[in-house]
Amino acid sequence: MTAQTDALLVIGSGQQRYREYLLASAAERHPLWLIDAAEPTWQRPHVAGWSVVPLLDRARLIPDRERILATAQEIASGRRIAGVFTYDETMVTTAALIAEKLGLPGLTVDGADRCRNKHRTRSALTLVGLPQPRFALAYTLKEAREAAPAVGFPMVLKPRGMGASIGVVRVDDPDAFDDAFAMAERAGHGGSPDYEGGVLLEEFMTGPEISIDGVCVDGVYEPMFVAHKQTGFEPYFEETGHVVDAADDLLTDPDLLHVLRSAHEALHVSTGITHTEVLFTERGPVVVEVNARLGGDLIPWLGELATGIRPGRVAAELALGERPDLTRTERRTAGIRFTYPPGDCRVQEVSVPAAGSVEGLLRAESIADEGTELRLPPGGYLSRYAYVVCAAPERAACERSLDEAASGAHLTSVPLD
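This write-up is about the structure you can find in this document.

Thresholds applied
Residues numbered from 1 in each chain as written. Predicted model: local features only at pLDDT ≥ 70, side-chain atom pairs only at ≥ 80, totals over all residues. Heavy atoms only, no water. Helix = DSSP H or I, 4+ residues; strand = E, 2+ residues; numbered from the N terminus. Rg over C-alpha atoms; globule rule 2.2 N^0.38 Å. Buried < 20%, exposed > 50% of the residue type's maximum accessible area, 1.4 Å probe, protein only. Contact = heavy atoms within 4.5 Å. Areas by Shrake-Rupley, 256 points an atom, 1.4 Å probe, with all protein chains shown as cover. Lys, Arg positive; Asp, Glu negative; His and termini not counted. Charge placed at Lys NZ, Arg CZ, Asp CG, Glu CD. Pairing = 2+ DSSP bridges. Axes fitted to C-alpha atoms, helices over the stretch in contact; angles between N-to-C directions. 1 Å grid on protein atoms, 1.4 Å probe; cavity = no way out; pocket = protein on both sides within 12 Å on 5 of 7 lines; lining within 4 Å. Points joined across faces, edges and corners; volume = space filled by probe spheres on them. Nonpolar A, V, L, I, M, F, W, Y, C, P; charged D, E, K, R; others polar. Parallel < 35°, antiparallel > 145°, perpendicular 65-115°, else oblique. Salt bridge = Lys/Arg side-chain N within 4 Å of Asp/Glu carboxyl O.

## Points about the overall build of the protein
Right, on to step 1. Looking only at helices and strands, the protein features 11 helices and 19 strands.
Right, on to step 2. Relative to its length of 417 residues, the protein is compact, with a C-alpha radius of gyration of 21 Å against a globular reference of 22 Å.
Right, on to step 3. Taking the principal axes of the C-alpha coordinates as reference, the protein spans close to 65 × 55 × 45 Å.
Right, on to step 4. Put simply, the protein has 417 residues, and 58% of those count as buried.
Right, on to step 5. For the protein, restricting intrachain contacts to residue pairs at least 6 apart in sequence, the fraction spanning at least 24 positions comes to 67%.
Right, on to step 6. Working note: accessible area of the protein is about 17100 Å², and carbon and sulfur atoms make up 49% of it.
Right, on to step 7. Averaging the locations of the 40 positively and 60 negatively charged side chains of the protein gives two centres separated by 3 Å.

## Regarding unusual backbone geometry
Residues apart from glycine generally show negative phi values, whereas peptide bonds are mostly found in trans.
Right, on to step 1. The omega torsion across glutamate 234 and proline 235 is 10°, close enough to zero to call that bond cis.
Right, on to step 2. Secondary-structure assignment places proline 235 in the loop between β10 (220–232) and β11 (238–245).
Right, on to step 3. Of the consecutive residues proline 377 and proline 378, the connecting peptide bond is found in the cis state with omega at 5°.
Right, on to step 4. Mapped onto the fold, proline 378 is located in the loop between β17 (373–374) and β18 (386–392).
Right, on to step 5. Of note in the backbone geometry, aspartate 297 takes a positive phi value of approximately 55° without being a glycine.
Right, on to step 6. On the secondary structure map, aspartate 297 appears in the loop between β13 (284–291) and α9 (299–307).

## Overview of the environment of alanine 124
Right, on to step 1. Mapped onto the elements of the fold, alanine 124 is located in helix α5 (residues 118–127).
Right, on to step 2. Placed 218 residues apart in sequence, alanine 124 and proline 342 show a C-alpha to C-alpha distance of 40 Å.
Right, on to step 3. Those residues within four positions of alanine 124 in sequence are excluded, and the remaining contacts are Arg114, Ala266 and Leu267.

## Structural notes on the sheet that holds β18
Right, on to step 1. Across the sheet, which stays open at both edges, the 8 strands sit in the order β13-β12-β9-β10-β11-β14-β18-β16 with antiparallel pairing between neighbours. Two strands in the sheet have a free side with no partner beyond their single neighbour: β13 and β16 (361–366). Adjacent strand axes in the sheet meet at a mean angle of 25° when their direction is disregarded.
Right, on to step 2. Bridge count between strand β12 (residues 272–281) and β13: 7 bridges; the pairing is antiparallel. Note that in β13 the partner of valine 278 across the bridge is valine 287.

## Considering empty space enclosed by the protein
Right, on to step 1. According to the stated counting rule, one finds 2 cavities of 30 Å³ or more in the structure shown.
Right, on to step 2. Size it by volume and the largest cavity reaches roughly 250 Å³.
Right, on to step 3. In this structure, the largest cavity is lined by 21 residues; those nearest its centre are Val84, Phe85, Thr86, Leu107 and Gly272.
Right, on to step 4. Looking at the lining of the largest cavity, the elements that each hand over two or more residues are β4 (80–85), α3 (92–102), β12 and α10 (311–319).
Right, on to step 5. Broken down by element, the lining of the largest cavity gets its largest block of residues, 4 residues, from α3.
Right, on to step 6. Residue composition of the lining of the largest cavity, by class: 16 nonpolar, 4 polar and 1 charged.

## Side note on the pairing of strand β5 (residues 135–138)
Right, on to step 1. Residue alternation in β5 divides its side chains into a buried set, Ala136 and Ala138, and an unburied set, Phe135 and Leu137.
Right, on to step 2. Taken together, the 4 bridges between β5 and strand β8 (residues 199–203) define a ladder with antiparallel strand orientation. What sits directly across from phenylalanine 135, in β8, is glutamate 202.

## Comments concerning the sheet that holds strand β19 (residues 410–415)
Right, on to step 1. The strand order across the open sheet built from 3 strands is β17-β15-β19, with neighbouring strands paired in antiparallel fashion. Single-partner strands in this sheet number two, and they are β17 and β19.
Right, on to step 2. Across 6 bridges, strand β15 (residues 345–351) lies against β19 in antiparallel orientation. Residue pairing for β19: valine 347 is matched across the bridge by serine 413.

## So, the packing of helix α4 (residues 109–116) against α5
Packed helix pairs are specified by the crossing angle of their axes together with the interaxial distance, meaning the distance between the axes.
Right, on to step 1. Where α4 meets α5, the closest approach of the two axes is 5 Å, and the angle between their N-to-C directions is 100°. Judged by the inter-axis angle, α4 sits roughly perpendicular to α5. In this structure, α4 contributes Asp110, Asp113, Arg114, Cys115 and Arg116 to the contact, and α5 contributes Lys118, Arg120, Thr121 and Ala124.

## Overview of the pattern of salt bridges
Right, on to step 1. According to the stated counting rule, one finds 31 salt bridges in the structure shown.
Right, on to step 2. Between aspartate 178 and arginine 145 there is a salt bridge, and its shortest N-O distance comes to 2.3 Å. Placement of the pair is aspartate 178 in helix α7 (residues 177–187) and arginine 145 in helix α6 (residues 141–151), with a sequence separation of 33 residues.
Right, on to step 3. The exposure class of aspartate 178 is partly exposed, given its relative accessible area of 29%.
Right, on to step 4. The partly exposed category is assigned to arginine 145, whose relative accessible area is 46%.
Right, on to step 5. Aspartate 403 is paired through a salt bridge with arginine 337; the nearest N and O atoms lie 2.9 Å apart. Here the residue aspartate 403 occupies a position in helix α11 (residues 395–407), and arginine 337 occupies one in strand β14 (residues 333–339), the gap between them amounting to 66 residues.

Here you go:
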């Protein structure tokens, strides 16, 4: 550690491509101490110190929650811990546990679990009367078959505790039900044992979908920015792109704000950042899920580009018990588009458009190395070979730039059997 006498704990650091900008901006606000599963590499310029707690199961990314807590307590015995936060979905309950044990600002364990456990989320929102799909929880195929008639077809099946739309599938009729349940149930065994097993059956609802990254301070919710989501690969729900407009009218929409504030109150979200997904249906705004961390897919960076709000710094300030400044210093639109192979394949080469070749193009990056196997849902998820990020003064121009930039990304590959 440096001469600083206190530290802000960060639990997990994620992938450099998607999370370094958050770690860097948090470090500008306060010295960071990282607890992660491996020795830091790219993280080192942004942290004042670190502790390594290996995963219990590397293949399934299962963290050693008890040892992480013990490590945090050991760090606290030698210096003042100013706060704790995470942007890793698998670590939200662990970070909440540390905050509770050390008396730090942040979500309670109960609040984090109400977000992480999709069945608890549905139950809590139903209890306060928010519009919800019909739903049921099943752990076995027999239970699922018995619950299906009450939910009705078409329906959506999803693992109880996963993220990034992994294992989420639409089922249109009973003939496809058994296979879909098996796929969703299998996908639910890829993370923390606390959330293993259990498939949520939900009434299928249609409408445009958005996500909102927002903050809660002492239970009072305020949105930072809205991302309009693009999905593909039906009947799955792979997220293929996002667009954030700083001037989005939804930021002041009274119906949406009522649903968001009521949902966060029902889920006992006290202090912290959340990433909420909302579907606009014929019943009005319906919460799909509330995640007790910043959004993925570089959505927080899009928000920063569009509004000037720095989500990594906001997360640090909330963890320190401060009220963050959410003043918008930019007013433009930013978006990201991911490119996918036409089928399951092994990558030979990826090329992306050059800087300056497309108006508004800020970044174009290959994300699949030679030899990488890409499998589309349900055989694999997030099987992208490149992405492009564009910005423009208004949304239509940003969408045009994204279309042009994405068409300039090319994949050479060999099909997989």
